[in-house]
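Survey of secondary and tertiary structure
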Amino acid sequence: MLELRPTCENCNEQLPPESTAAMICTFECTFCAECVETVLHNVCPNCGGGFSPRPIRPKTNWRGDNFLERYPPSKTIKHRAVNAASHEEFSAKLKSIPPEKR
């Protein structure tokens, strides 16, 4: 299941489990929507893939004990600020290619 990482890896903005600003790549690298749009250009600095909104884990035990209290979010912060100049060069060749074709 998803770790639900607590912050943006670039700017360290808090991204609680209910955040609609949390974006993840297929490897679950986690960034805020602002960084994905303005810094990363929808190109993951770690794998080159695109981003999707992170799903929100239910707070309520609707069925089968699959809810936030039983499976809490990660407390591990992975703050690795992206080198803007390096990422600009890396993303230049990828940002015009739709993520599903990378």
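Procedures and definitions
Counting restarts for each chain, with residues numbered from 1 along the sequence as it is written. The model is predicted, so local features are restricted to residues of pLDDT at least 70 and side-chain atom pairs to those at 80 or more, both for listing and for counting; the totals for chains, interfaces and linings are taken over all residues. Side-chain numbers here rest on the full set of heavy atoms in the structure, without hydrogens or water. Working definition: helices are DSSP H or I runs of at least four residues, strands are E runs of at least two. Numbering for both runs from the N terminus. Accessibility here uses a 1.4 Å probe with only protein chains present; expressed as a share of the type maximum, an area under 20% marks a residue as buried, one over 50% as exposed, and anything in between as partly exposed. The contact definition used throughout considers only heavy atoms, calling two residues in contact when any of these lie within 4.5 Å. Areas reported as accessible are Shrake-Rupley estimates using a 1.4 Å probe. Residue values count occlusion only from the protein chains shown. For this count, His and the chain ends are skipped, Lys and Arg are scored as positive, and Asp and Glu as negative. For the purpose of locating charges, the reference atoms are NZ of Lys, CZ of Arg, CG of Asp and CD of Glu. We define a salt bridge as a contact between a side-chain nitrogen of Lys or Arg and a carboxyl oxygen of Asp or Glu at a distance within 4 Å.

**Focus on the overall build of the protein**
- The secondary structure content of the protein amounts to two helices and three strands.
- When its C-alpha atoms are laid out on the principal axes, the protein stretches across 45 × 25 × 15 Å.
- Buried residues in the protein amount to 36% of all 102 residues.
- Restricting the contact set of the protein to residue pairs at least 6 apart, pairs at least 24 apart contribute 57%.
- Entry remark: accessible area of the protein is about 6,300 Å², with carbon and sulfur atoms responsible for 53%.
- Charge centroids of the protein, computed over 13 positive and 12 negative side chains, lie 5 Å from each other.

**A closer look at the side chain of Glu28**
- Residue position: Glu28 is located in the loop between strand E1 (22-24) and strand E2 (30-32).
- It is Arg5 that comes nearest to the buried, bridge-free Glu28 among opposite-charge side chains, at 4.8 Å.
- The residues touching Glu28, leaving out its near neighbours within four places in the chain, are Leu2, Glu3, Leu4, Arg5 and Glu9.

**Quick word on the pattern of salt bridges**
- Under the counting rule described, the total for this entry stands at four salt bridges.
- For Glu3, the salt bridge identified is with Arg5, shortest N-O distance 3.2 Å.
- Taking relative accessible area as the criterion, Glu3 reaches 31% and is therefore assigned partly exposed.
- When its relative accessible area of 8% is taken as the criterion, Arg5 is described as buried.
- Between Glu88 and Lys95 there is a salt bridge; the shortest N-O distance is 3.3 Å.
- Through salt bridges with shared partners, a single network forms among Glu3, Arg5, Glu9 and Arg80.

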